[in-house]
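Structure assessment
For reference, the chains in residue letters:
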Amino acid sequence: TEPALLEQLEHWRRRYRLRRPVRLCHSGASDQAFTLGWRRPVVFLPDLLLRQLDSAELDAVLGHELAHVKRFDDLFVCLQQCLKLLFFFNPLLWFSGRRVAELREQCCDTLALRSAGLLPAAYGRSLLRVVELYRGDERSPEVVAGLTSSALRRRMANLLRPRAPRFAVLPIVSVALGLGA
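None of these values were measured; they are calculated from a predicted model. (Residues numbered from 1 in each chain as written. Predicted model: local features only at pLDDT ≥ 70, side-chain atom pairs only at ≥ 80, totals over all residues. Heavy atoms only, no water.)

Turning our attention to the packing of helix α1 (residues 3-16) against helix α5 (residues 91-116). With their axes 10 Å apart at the nearest point, α1 and α5 run at an angle of 90 degrees to one another. With respect to α5, the element α1 is oriented roughly perpendicular. Residues W12, R15 and Y16 of α1 lie in contact with α5, whose contacting residues are L111, A112, S115 and A116. Residue composition of the contact of α1 with α5, grouped by class: 5 nonpolar, 1 polar and 1 charged. (Axes fitted to C-alpha atoms, helices over the stretch in contact; angles between N-to-C directions. Helix = DSSP H or I, 4+ residues; strand = E, 2+ residues; numbered from the N terminus. Parallel < 35°, antiparallel > 145°, perpendicular 65-115°, else oblique. Contact = heavy atoms within 4.5 Å. Nonpolar A, V, L, I, M, F, W, Y, C, P; charged D, E, K, R; others polar.)

Shown next, in the form of structure tokens:
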């Protein structure tokens, strides 16, 4: 119900040219920001982030979460989970699932940066600030923010040294071999 936060949400909806309505909810029961749903998406923000982050940091979080909406990530996560259920016996699928989730986060970081002209260093500081908020908490940042130290390191490197997009055949061949095995 906070007008400034709702205006930030609308700003990102316009920036991403989203026609679908997006609801914004907050809760003390949730430990992390996440997006749920692809037809009528809802962005959940934990009360801790709302209390502790400044406007620019919240803007980065909202931009990242709405990037998931723009990319229909929730739909693809459901598809990924169905494939894991069908091919539960394939260890390559479990390994690639973690990597796909990490790449999904990096893609949303890149989309938020490119769509709004955010500075990579400021965006990275926002990401580190979220991790810092959970330091000393009984829940680890890995559980709360989905950030292992290696995943965080890769995300920060991706932010500070973005590579030009290129087409790669190896991931496609790897997935095809993994599914066929």
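The next thing to look at is the pattern of salt bridges. Tallied over the full model, the rule gives 8 salt bridges. Taking the shortest distance from any N to any O, the salt bridge between R71 and D73 comes out at 3.1 Å. Across the pair R154 and E102 runs a salt bridge, and its minimum N-O distance is 2.3 Å. Here E102 lies in helix α5 and R154 lies in helix α8 (residues 149-160), a separation of 52 residues in the sequence. The exposure class assigned to R154 is partly exposed, which follows from its relative accessible area of 36%. A cluster of three or more residues bridged by salt bridges with shared partners is formed by E57, R129 and E132. (Salt bridge = Lys/Arg side-chain N within 4 Å of Asp/Glu carboxyl O. Buried < 20%, exposed > 50% of the residue type's maximum accessible area, 1.4 Å probe, protein only.)

Further remarks concern the environment of A121. Examined against the element boundaries, A121 turns out to sit in helix α6 (residues 120-133). Separated by 38 residues in the primary sequence, A121 and L159 have C-alpha atoms spaced 7.6 Å apart.

On to the confidence of the model for the protein chain. When pLDDT is averaged along the protein chain, the result is 83; 87% of the residues meet or exceed 70. Averaged pLDDT values over the elements of the protein chain bottom out at 50 in helix α7 (residues 141-145) and peak at 92 in helix α3 (residues 55-70). (pLDDT = per-residue confidence, 0-100.)

Before going further, it helps to examine the pairing of strand β3 (residues 42-46). Counting buried positions along β3 yields 4 of 5 residues, so the element is predominantly enclosed. Bridge count for strand β1 (residues 23-27) against β3 is 5 bridges, and the pairing is parallel. Within β3, the position partnered with S27 by the bridge is P46. In the sheet, strand β2 (residues 34-36) pairs with β3 via 3 bridges, with the strands oriented antiparallel. (Pairing = 2+ DSSP bridges.)

Turning next to the packing of aromatic side chains. Scanning the entire structure with this criterion turns up 4 aromatic pairs. Taking 5.3 Å as the distance between ring centres and 35 degrees as the angle between the ring planes, the aromatic pair formed by W12 and Y16 counts as tilted. Of the two residues, W12 and Y16 are both situated in helix α1; the distance of 4 residues between them amounts to about one turn of the helix. A relative accessible area of 0% means that W12 is categorised as buried. Residue classification places Y16 among the buried residues on the basis of a relative accessible area of 2%. (Phe/Tyr/Trp six-rings, centres within 6.5 Å; stacked < 30°, edge-to-face > 60°.)

The next thing to look at is helix α4 (residues 73-86). The first and last C-alpha atoms of α4 sit 20 Å apart over 14 residues, in line with the 20 Å expected at 1.5 Å per residue. Tucked into the core, α4 has its buried residues touching β2, α3 and α5. (Expected span 1.5 Å × (residues − 1).)

The phi dihedral of R17 is positive, around 55 degrees, even though this residue is not glycine. Judged by its relative accessible area of 72%, R17 falls in the exposed class.

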